[in-house]
Amino acid sequence: MTATRLNLLVVSANPVVRAGLAVLLDAYPDLDVTTTAEVPALRARTAPDLVLLDGRPEALPRLVAVAPVVHLTHVAGEGAGPWTLVHGQFEVADLLRMIREAATAHTGAGSTVTNILRFRNSTSRVQRFGLSAREVEVMDLIASGMTNQRIAAACCISEKTVKNHINRIFAKLHSTTRGEAIASWLGTRTAS
(Lines give C-alpha, C1' and ligand atoms only; values in the text may rest on other atoms or scores of the structure.)
Protein backbone atom coordinates (compact mmCIF):
# COMPACT_ATOMS: atom_id res chain seq x y z
CA MET A 1 0.00 0.00 0.00
CA THR A 2 1.31 3.44 -0.88
CA ALA A 3 1.37 6.22 1.68
CA THR A 4 -1.02 8.43 -0.30
CA ARG A 5 -3.36 6.19 -2.33
CA LEU A 6 -4.93 2.82 -1.67
CA ASN A 7 -5.20 0.59 -4.76
CA LEU A 8 -8.72 -0.85 -4.39
CA LEU A 9 -10.07 -3.56 -6.68
CA VAL A 10 -13.87 -3.86 -6.81
CA VAL A 11 -15.05 -7.35 -7.85
CA SER A 12 -18.73 -7.79 -8.70
CA ALA A 13 -20.62 -9.72 -11.36
CA ASN A 14 -23.27 -6.99 -11.30
CA PRO A 15 -22.28 -4.12 -13.66
CA VAL A 16 -24.52 -1.64 -11.83
CA VAL A 17 -22.90 -2.43 -8.47
CA ARG A 18 -19.42 -2.19 -10.03
CA ALA A 19 -20.13 1.14 -11.68
CA GLY A 20 -21.86 2.57 -8.61
CA LEU A 21 -19.03 1.60 -6.26
CA ALA A 22 -16.41 2.89 -8.70
CA VAL A 23 -18.08 6.30 -9.02
CA LEU A 24 -18.73 6.51 -5.29
CA LEU A 25 -15.28 5.44 -4.08
CA ASP A 26 -13.13 7.01 -6.79
CA ALA A 27 -14.31 10.41 -5.52
CA TYR A 28 -12.11 9.96 -2.44
CA PRO A 29 -8.53 11.17 -3.00
CA ASP A 30 -6.95 8.31 -0.99
CA LEU A 31 -8.59 5.60 -3.14
CA ASP A 32 -7.52 4.48 -6.61
CA VAL A 33 -10.37 2.24 -7.82
CA THR A 34 -10.40 -0.39 -10.56
CA THR A 35 -13.19 -2.86 -11.24
CA THR A 36 -13.68 -6.33 -12.68
CA ALA A 37 -16.59 -8.72 -13.18
CA GLU A 38 -14.53 -11.87 -12.67
CA VAL A 39 -12.53 -12.90 -9.63
CA PRO A 40 -8.98 -12.42 -10.89
CA ALA A 41 -6.00 -14.69 -10.34
CA LEU A 42 -3.93 -12.43 -8.12
CA ARG A 43 -0.31 -12.74 -7.09
CA ALA A 44 1.14 -11.03 -4.02
CA ARG A 45 3.54 -9.08 -6.21
CA THR A 46 0.82 -7.55 -8.43
CA ALA A 47 -2.17 -7.64 -6.08
CA PRO A 48 -4.13 -4.52 -5.18
CA ASP A 49 -3.80 -3.15 -1.67
CA LEU A 50 -7.37 -4.24 -0.94
CA VAL A 51 -10.24 -6.10 -2.65
CA LEU A 52 -13.89 -5.09 -2.28
CA LEU A 53 -15.79 -8.28 -3.10
CA ASP A 54 -19.53 -8.21 -3.81
CA GLY A 55 -20.99 -11.69 -3.18
CA ARG A 56 -19.01 -14.83 -4.17
CA PRO A 57 -17.85 -15.97 -0.71
CA GLU A 58 -16.26 -19.05 -2.27
CA ALA A 59 -13.58 -16.71 -3.71
CA LEU A 60 -12.54 -15.39 -0.27
CA PRO A 61 -9.79 -17.91 0.56
CA ARG A 62 -8.08 -17.34 -2.79
CA LEU A 63 -8.32 -13.54 -2.55
CA VAL A 64 -7.46 -13.18 1.14
CA ALA A 65 -4.25 -15.11 0.46
CA VAL A 66 -2.88 -12.10 -1.45
CA ALA A 67 -4.80 -9.03 -0.23
CA PRO A 68 -7.25 -8.07 2.51
CA VAL A 69 -10.88 -8.38 1.44
CA VAL A 70 -13.92 -6.33 2.42
CA HIS A 71 -16.91 -8.54 1.63
CA LEU A 72 -20.35 -7.22 0.70
CA THR A 73 -23.06 -9.84 1.13
CA HIS A 74 -26.83 -10.03 0.88
CA VAL A 75 -27.17 -12.54 3.74
CA ALA A 76 -27.01 -11.33 7.34
CA GLY A 77 -24.96 -13.60 9.59
CA GLU A 78 -23.23 -15.28 6.70
CA GLY A 79 -19.93 -14.65 8.49
CA ALA A 80 -17.86 -14.61 5.34
CA GLY A 81 -14.90 -12.81 6.83
CA PRO A 82 -13.61 -10.31 9.36
CA TRP A 83 -14.64 -7.32 7.23
CA THR A 84 -18.18 -8.05 6.08
CA LEU A 85 -21.07 -5.68 5.39
CA VAL A 86 -24.64 -6.66 4.53
CA HIS A 87 -26.28 -4.86 1.61
CA GLY A 88 -28.92 -2.42 2.82
CA GLN A 89 -27.50 -2.29 6.35
CA PHE A 90 -24.62 0.14 5.97
CA GLU A 91 -23.95 3.72 4.93
CA VAL A 92 -21.12 5.06 2.77
CA ALA A 93 -19.26 6.14 5.93
CA ASP A 94 -19.40 2.54 7.23
CA LEU A 95 -17.99 1.21 3.96
CA LEU A 96 -15.16 3.76 3.93
CA ARG A 97 -14.33 3.05 7.58
CA MET A 98 -14.18 -0.69 6.92
CA ILE A 99 -12.03 -0.25 3.79
CA ARG A 100 -9.55 1.85 5.73
CA GLU A 101 -9.60 -0.48 8.77
CA ALA A 102 -8.92 -3.51 6.60
CA ALA A 103 -6.05 -1.74 4.82
CA THR A 104 -4.59 -0.54 8.13
CA ALA A 105 -4.89 -3.99 9.73
CA HIS A 106 -3.16 -5.49 6.70
CA THR A 107 -0.11 -3.31 7.24
CA GLY A 108 0.01 -3.94 11.00
CA ALA A 109 2.69 -6.39 12.15
CA GLY A 110 0.42 -8.37 14.45
CA SER A 111 -2.76 -8.33 12.41
CA THR A 112 -4.86 -11.38 11.66
CA VAL A 113 -4.53 -10.67 7.95
CA THR A 114 -0.75 -10.62 8.23
CA ASN A 115 -0.87 -13.96 10.04
CA ILE A 116 -3.17 -15.37 7.35
CA LEU A 117 -0.73 -14.27 4.68
CA ARG A 118 2.26 -15.71 6.52
CA PHE A 119 0.60 -19.08 7.08
CA ARG A 120 -0.91 -19.32 3.61
CA ASN A 121 2.53 -18.80 2.13
CA SER A 122 4.12 -21.42 4.40
CA THR A 123 4.96 -24.71 2.70
CA SER A 124 5.30 -26.48 6.05
CA ARG A 125 1.69 -25.91 7.11
CA VAL A 126 0.40 -29.20 5.72
CA GLN A 127 3.29 -31.10 7.29
CA ARG A 128 2.91 -29.25 10.59
CA PHE A 129 -0.74 -30.20 11.05
CA GLY A 130 -0.93 -33.31 8.87
CA LEU A 131 -4.02 -32.12 6.99
CA SER A 132 -5.01 -33.49 3.60
CA ALA A 133 -5.39 -31.12 0.64
CA ARG A 134 -9.19 -31.11 1.09
CA GLU A 135 -8.83 -30.47 4.84
CA VAL A 136 -6.54 -27.52 4.08
CA GLU A 137 -9.18 -26.15 1.71
CA VAL A 138 -11.93 -26.59 4.32
CA MET A 139 -9.76 -25.04 7.07
CA ASP A 140 -9.02 -22.03 4.86
CA LEU A 141 -12.77 -21.57 4.40
CA ILE A 142 -13.37 -21.93 8.14
CA ALA A 143 -10.68 -19.32 8.81
CA SER A 144 -12.35 -16.96 6.33
CA GLY A 145 -15.50 -17.19 8.47
CA MET A 146 -17.70 -19.34 6.24
CA THR A 147 -20.53 -21.45 7.64
CA ASN A 148 -20.70 -25.21 7.01
CA GLN A 149 -23.45 -24.61 4.45
CA ARG A 150 -21.31 -22.11 2.50
CA ILE A 151 -18.26 -24.42 2.71
CA ALA A 152 -20.35 -27.28 1.31
CA ALA A 153 -21.48 -25.09 -1.59
CA ALA A 154 -17.97 -23.77 -2.28
CA CYS A 155 -16.43 -27.27 -2.25
CA CYS A 156 -19.38 -29.00 -3.99
CA ILE A 157 -19.75 -31.48 -1.13
CA SER A 158 -22.52 -32.23 1.38
CA GLU A 159 -22.76 -30.55 4.77
CA LYS A 160 -22.29 -33.99 6.35
CA THR A 161 -18.96 -34.33 4.52
CA VAL A 162 -17.98 -30.85 5.72
CA LYS A 163 -18.75 -31.90 9.31
CA ASN A 164 -16.64 -35.04 8.87
CA HIS A 165 -13.73 -32.94 7.59
CA ILE A 166 -14.15 -30.51 10.49
CA ASN A 167 -14.09 -33.34 13.04
CA ARG A 168 -10.82 -34.65 11.57
CA ILE A 169 -9.36 -31.13 11.37
CA PHE A 170 -10.26 -30.39 15.01
CA ALA A 171 -8.59 -33.64 16.10
CA LYS A 172 -5.41 -32.82 14.16
CA LEU A 173 -5.34 -29.24 15.46
CA HIS A 174 -6.15 -30.38 19.03
CA SER A 175 -9.15 -28.03 19.03
CA THR A 176 -12.70 -28.30 20.26
CA THR A 177 -14.09 -25.07 18.76
CA ARG A 178 -13.83 -23.16 15.49
CA GLY A 179 -12.09 -20.32 17.33
CA GLU A 180 -9.38 -22.63 18.70
CA ALA A 181 -8.90 -24.24 15.28
CA ILE A 182 -8.60 -20.86 13.56
CA ALA A 183 -6.15 -19.62 16.18
CA SER A 184 -4.01 -22.74 15.69
CA TRP A 185 -4.24 -22.41 11.92
CA LEU A 186 -3.22 -18.75 11.97
CA GLY A 187 -0.54 -19.24 14.61
CA THR A 188 -2.23 -16.98 17.15
CA ARG A 189 -3.27 -19.65 19.67
CA THR A 190 -1.63 -19.27 23.05
CA ALA A 191 -0.51 -22.30 25.05
CA SER A 192 -2.93 -23.22 27.82
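Residues numbered from 1 in each chain as written. Predicted model: local features only at pLDDT ≥ 70, side-chain atom pairs only at ≥ 80, totals over all residues. Heavy atoms only, no water.

## Here's the deal with the overall build of the protein chain
- Broken down by element type, the protein chain carries nine helices and five strands.
- Each helix and strand of the protein chain, ordered N terminal to C terminal, gives the series β-α-β-β-α-β-β-α-α-α-α-α-α-α.
- Counting all 192 residues of the protein chain, 45% fall into the buried class.
- Considering only intrachain contacts with a sequence separation of at least 6, the fraction spanning at least 24 residues in the protein chain is 53%.
- Entry remark: accessible area of the protein chain is about 9600 Å², with carbon and sulfur atoms responsible for 55%. (Helix = DSSP H or I, 4+ residues; strand = E, 2+ residues; numbered from the N terminus. Buried < 20%, exposed > 50% of the residue type's maximum accessible area, 1.4 Å probe, protein only. Contact = heavy atoms within 4.5 Å. Areas by Shrake-Rupley, 256 points an atom, 1.4 Å probe, with all protein chains shown as cover.)

## Re the sheet that holds strand E2 (residues 31-36)
- One open sheet holds the five strands; their spatial order is E2-E1-E3-E4-E5, and the pairing between them is parallel. Each edge of the sheet is formed by a strand with only one pairing partner; in this case those strands are E2 and strand E5 (84-86). For this sheet, the mean angle separating the axes of adjacent strands, direction not counted, is 20 degrees.
- As defined by bridge partners, strand E1 (residues 6-11) adjoins strand E3 (residues 50-54) across four bridges and the pair is classed as parallel. Paired with Leu 9 across the strands is Val 51, a residue of E3. (Pairing = 2+ DSSP bridges. Axes fitted to C-alpha atoms, helices over the stretch in contact; angles between N-to-C directions.)

## As for the environment of Lys 172
- Among the structural elements, Lys 172 can be located in helix H8 (residues 159-172).
- The class for Lys 172 is partly exposed, based on a relative accessible area of 30%.
- A distance of 3.0 Å separates a polar atom in the side chain of Lys 172 from the backbone oxygen of Gly 130.
- Within the structure, the side chain of Lys 172 is placed 2.7 Å from the side chain of Glu 135, a separation counted as a polar contact. (Polar contact = N/O pair within 3.5 Å; in protein donor to acceptor, adjacent residues only side chain to side chain.)

## Things to note about the environment of Asn 164
- As for its placement among the helices and strands, Asn 164 is situated in helix H8.
- With a relative accessible area of 32%, Asn 164 lands in the partly exposed category.
- Remark: the alpha-carbon pair of Asn 164 and Glu 135, spanning 29 residues in sequence, is separated by 9.9 Å.

## Some details on the environment of Arg 56
- Its place among the elements puts Arg 56 in the loop between E3 and helix H2 (60-64).
- By relative accessible area, which is 21% here, Arg 56 ends up partly exposed.
- As for Arg 56 and Ala 13, which are separated by 43 residues in sequence, their C-alpha atoms are 9.0 Å apart.
- Once you skip the residues sitting within four places of it in the chain, Arg 56 turns out to touch Ala 13, Ala 37, Glu 38 and Val 39.

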